[in-house]
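So you can see what is in the structure, the chains are spelled out below.
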Amino acid sequence: TESGELLYLISGRGYCAGNGAPWTPMDGIHAIETNNWTRLKQSVKNSNLAEYFNYDYDPTCSFCLTGGGTDTPEGLTIWDLEDDSDPNIRGSLHVLHDHYTNGGTGCDDELFFHHFSSNIIIDKNNGKDPPTFPRTGTRENPFASFNTAYNYYPIWNGANMILKAGTYPEKGRYTKRIRIKSEGGTAVIGKF
């Protein structure tokens, strides 16, 4: 990352018609803390869109018309698009996977981009608790309370918690290294 606090690595490959290698539990995206070189988080591989760090791809031999195909992770980049400079893409970590065919006809390779953000959005007036589908904590589907946002995934070191203006009458013990920002005015936590 730009700060140097996190290193992201991606691993995985496709397996089709005897080529490549099967998926292993170590495949996916790994977020490594550089201060102690330990893995902070590994992405999950499933189609559950409620999971925050879901990098779902199909490394098996799926069929496209007459030929087999598989998905392979192709790379990642850090590109800060958290400021809404592009209305269609948000996030700071962007990961590519390729769906390609193995000798099939009528199918072209397809590229898919996955976008991940370190921001968790909390809006007491427009958010929802408990979490809902799809993924909670985004601008489109914010959390309603600070504590739910902190505990749900659970929060990770380096996360940014963006609080919309207002009073959040909550208290708790917070042990993760997070950055709290207000948006649209003053946000107060713990004032009754």
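Cut-offs used in this document
- Residues numbered from 1 in each chain as written.
- Predicted model: local features only at pLDDT ≥ 70, side-chain atom pairs only at ≥ 80, totals over all residues.
- Heavy atoms only, no water.
- Helix = DSSP H or I, 4+ residues; strand = E, 2+ residues; numbered from the N terminus.
- Buried < 20%, exposed > 50% of the residue type's maximum accessible area, 1.4 Å probe, protein only.
- Contact = heavy atoms within 4.5 Å.
- Areas by Shrake-Rupley, 256 points an atom, 1.4 Å probe, with all protein chains shown as cover.
- Core = buried A, V, L, I, M, F, W, Y, C linked by side-chain atoms within 4.5 Å.
- Phe/Tyr/Trp six-rings, centres within 6.5 Å; stacked < 30°, edge-to-face > 60°.
- Pairing = 2+ DSSP bridges.
- Axes fitted to C-alpha atoms, helices over the stretch in contact; angles between N-to-C directions.
- Patch = residues over 30% accessible without salt bridge, like charges linked within 9 Å, V, L, I, M, F, W, Y side chains within 5 Å.
- Salt bridge = Lys/Arg side-chain N within 4 Å of Asp/Glu carboxyl O.

A. Structural context of the overall build of the protein. Counting its secondary structure elements, the protein contains one helix and 12 strands. Reading the helices (α) and strands (β) of the protein from amino to carboxyl end gives β-β-β-β-β-β-β-β-β-β-α-β-β. Counting all 192 residues of the protein, 38% fall into the buried class. A sequence separation of at least 24 residues applies to 44% of the contacts in the protein between residues at least 6 apart. In the form shown here, the protein has an accessible surface area of approximately 10800 Å², with 52% of it arising from carbon and sulfur atoms.

B. How the structure looks around the nonpolar core. Ranked by size, the top nonpolar core spans 14 residues in total, and within it Ile120, Ile122, Ile155, Trp156 and Met161 carry the most contacts. Not counting residues up to four positions away in its chain, the partners in contact with Met161 are Ile120, Ile122, Phe146, Ala149, Tyr150, Ile155, Ile178, Arg179, Ile180 and Lys181. Counting 10 residues, the second largest nonpolar core, distinct from the first, contains Leu6, Ile29, Phe53 and Val95.

C. Layout of the packing of aromatic side chains. The final tally for this structure, using the stated rule, is six aromatic pairs. Measuring from centroid to centroid gives 6.5 Å for Phe146 and Tyr150, while their planes differ by 20 degrees, and the two rings are stacked. With Phe146 and Tyr150 both in helix α1 (residues 146-152) and four residues apart, the pair spans about one turn of that helix. Each ring, one from Phe146 and one from Tyr174, has its centre 5.1 Å from the other, and the planes form 90 degrees; the classification is edge-to-face. Residue Phe146 is found in helix α1, and its partner Tyr174 is found in the loop between β11 (160-168) and β12 (179-189); the two are separated by 28 residues along the sequence. When its relative accessible area of 1% is taken as the criterion, Phe146 is described as buried. We classify Tyr174 as partly exposed; its relative accessible area is 30%.

D. Summary view of the sheet that holds β11. On the basis of which strands lie adjacent, the open sheet formed by three strands has the order β10-β11-β12 and parallel pairing. The sheet is open, and its two borders are formed by β10 (119-122) and β12, each paired with just one other strand. Between one strand axis and the next, the sheet turns through 25 degrees on average, direction left out of account. For β10 and β11, the ladder comprises four bridges, and the chain directions are parallel. Residue pairing across strands places Asn119 opposite Asn160, the latter belonging to β11.

E. A look at the pairing of strand β4 (residues 28-33). Of all six residues in β4, six are buried, a share of seventy percent or more. Sheet analysis places strand β1 (residues 6-11) next to β4, joined by six bridges and oriented antiparallel. Across the sheet, Leu6 pairs through a bridge with Glu33, a residue of β4. For β4 and strand β5 (residues 38-42), the ladder comprises four bridges, and the chain directions are antiparallel. From the neighbouring strand, Ala31 faces β5, where its bridge partner is Lys41. The turn linking β4 back onto β5 is made up of four residues, and Trp37 within it adopts a positive phi angle of 55 degrees.

F. Here's a closer look at the sheet that holds β4. Pairing is antiparallel in the open sheet, where three strands are placed in the order β1-β4-β5. Since the sheet does not close on itself, it has two edges, and those belong to β1 and β5, each with one partner. Neighbour-to-neighbour, the strand axes of the sheet open up by a mean angle of 30 degrees, direction not taken into account.

G. A nonpolar patch on the surface, seen in detail. Residues Leu7, Leu9 and Trp37 make up a contiguous nonpolar surface patch of roughly 320 Å² in combined accessible area. Secondary-structure assignment places Trp37 in the loop between β4 and β5. With relative accessibility at 59%, the residue Trp37 sits in the exposed group.

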